[in-house]
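Analysis of the macromolecular model
In case you want the letters, here they are:
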Amino acid sequence: MQTENLYRAIQLTRPLLRRISAYVEQELTDTGVSVGQRAVLEVLYNQGPLTAPQLTRMLELKRQFVARMLSEASDAGLVEQLPNPDHARAHMHVLTNAGHAAIETIRDHEMTRLSELEKQFSADEIEAHFKVQQKLISWFSQNLKS
């Protein structure tokens, strides 16, 4: 029975991700930032300057998509390229002041909204959910065929 419940819980992942993406997109409507750009901005906000390959690995997205998001964010003045001290032909991508302000505003709004959702769960339930998600990611990652 526990295996069946785990299976049903995993099946809920796709509709959950679709609704989260739709919600994030809806909440970004007036910001001028797309969902993909938001992901790039957040990683740069949390990690600091990164190369495109580093961003691609961290986001676990296709290189072409990350390149397009970086280009769009750069065109919008949210990200800029700096020389990479380790590789003369490579660049580091970093948030501009506008990019930093944009992701902080977006995150502040999201944290306010999530605090409403948080009231529906105990701290133990949230911690258990976090642990289950980490284990699912780890298990499926380890069981992917190369």
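The preceding data block contains the structure.
The residue numbering used here restarts from 1 in each chain and proceeds along that chain's sequence as written. Note on the predicted model: pLDDT of at least 70 is required for a residue's local features to be given, and 80 or more for side-chain atom pairs to be given and counted; whole-chain, interface and lining totals, by contrast, use all residues. Note: side-chain values were computed over all heavy atoms of the structure, leaving out hydrogens and water.

Let's talk about the packing of helix α3 (residues 35-47) against helix α6 (residues 97-118)
- Between the N-to-C directions of two axes lies an angle of 0 to 180 degrees, each axis being a line fitted to C-alpha atoms and, for a helix, fitted only over the stretch in contact. Numbered from the N terminus, helices here are DSSP runs of H or I no shorter than four residues, and strands are runs of E no shorter than two. One can describe the packing of α3 onto α6 by two numbers: an axis separation of 10 Å at closest approach and a directional angle of 100 degrees. With respect to their mutual orientation, α3 and α6 come out roughly perpendicular. The residues of α6 that touch α3, namely those facing R38, L41, E42, Y45 and N46, are H100, I103, E104, I106, R107 and E110. Note that the term roughly parallel is reserved for angles under 35 degrees, roughly antiparallel for angles over 145, roughly perpendicular for angles of 65 to 115, and oblique for everything else. Throughout, a residue-residue contact means that at least one pair of heavy atoms, one from each residue, lies within 4.5 Å.

Section: the nonpolar core
- Counting 20 residues, the largest nonpolar core has V40, L41, L44, L55, L78 and V79 as its most contacted members.
- Taken together, the elements giving at least two residues each to this core come down to α3, α4 (52-59), α5 (63-75) and α6.
- For L41, the contacting residues outside a window of four places in its chain are V33, L78, V79, L95 and I103. Only buried residues count toward a nonpolar core, which is a set of Ala, Val, Leu, Ile, Met, Phe, Trp, Tyr and Cys residues joined through side-chain atoms within 4.5 Å. Whether a residue is buried, partly exposed or exposed follows from its accessible area with a 1.4 Å probe, protein chains only, as a fraction of its type maximum: under 20%, in between, or over 50%, in that order.

Remarks on the side chain of N84
- Along the polypeptide, N84 turns up in strand β1 (residues 79-84).
- Assessed through its relative accessible area of 7%, N84 is described here as buried.
- Of note is the side chain of N84, whose polar atom sits 2.9 Å from the backbone nitrogen of D86.
- Once you skip the residues sitting within four places of it in the chain, N84 turns out to touch T51, A90, H91 and M92. Throughout this description, a polar contact denotes any pair of N or O atoms lying within 3.5 Å of each other; where both atoms belong to protein, one of them has to be capable of donating a hydrogen while the other can accept it, and for residues adjacent in sequence the pair is counted only when both atoms sit in side chains.

Things to note about a nonpolar patch on the surface
- Exposure above 30% relative accessible area and the absence of a salt bridge qualify a residue for a patch, where like charges join within 9 Å and nonpolar side chains (Val, Leu, Ile, Met, Phe, Trp, Tyr) within 5 Å. What sets the accessible areas is the Shrake-Rupley method with a 1.4 Å probe; for residues, cover comes only from the shown protein chains. What counts as a salt bridge is simple: a side-chain nitrogen of Lys or Arg found within 4 Å of a carboxyl oxygen of Asp or Glu. Taken together, the side chains of M111, L114, L117, F121 and I126 present a nonpolar region at the surface, about 450 Å² in accessible area.
- Among the elements that take part in the nonpolar patch, α6 stands out by supplying 3 residues, more than any other.
- A relative accessible area of 46% means that L114 is categorised as partly exposed.

Some words on the environment of K131
- Take K131: it is sitting in helix α7 (residues 123-142).
- Each C-alpha atom, one on K131 and one on M58, is 20 Å from the other, the two residues being 73 residues apart in sequence.

Some words on the pairing of β1
- One requirement defines pairing of two strands: DSSP has to find at least two bridges between them. Here 6 bridges tie β1 to strand β2 (residues 87-95), and the two strands are oriented antiparallel to one another. Looking at β2, one finds that L82 is bridged to M92.
- Hairpin connection from β1 to β2: 2 residues lie between these consecutive antiparallel strands.

Digging into the packing of α3 against α4
- Contact geometry of α3 with α4 gives a least axis separation of 11 Å together with a crossing angle of 105 degrees. Taken as axis vectors, α3 and α4 run roughly perpendicular relative to one another. Contact residues: α3 offers A39, V40, V43, L44 and Q47, while α4 offers L55, M58 and L59.
- The residue classification treats Ala, Val, Leu, Ile, Met, Phe, Trp, Tyr, Cys and Pro as nonpolar and Asp, Glu, Lys and Arg as charged. All others, Gly included, are polar. In the contact of α3 with α4, the residues fall into 7 nonpolar, 1 polar and no charged.

Points about the pattern of salt bridges
- Applying the stated criterion to the full structure yields 5 salt bridges.
- The residue E42 makes a salt bridge to R107 at a minimum N-O spacing of 2.5 Å. Of this pair, E42 sits in helix α3 while R107 is found in helix α6, placing the two residues 65 residues apart along the sequence.
- The salt bridge partner of E72 is R68, with a shortest N-O separation of 3.8 Å. With E72 and R68 both in helix α5 and 4 residues apart, the pair spans about one turn of that helix.
- A cluster of three or more residues bridged by salt bridges with shared partners is formed by R38, E42, R107 and E110.

In short, geometric facts, not functional conclusions.
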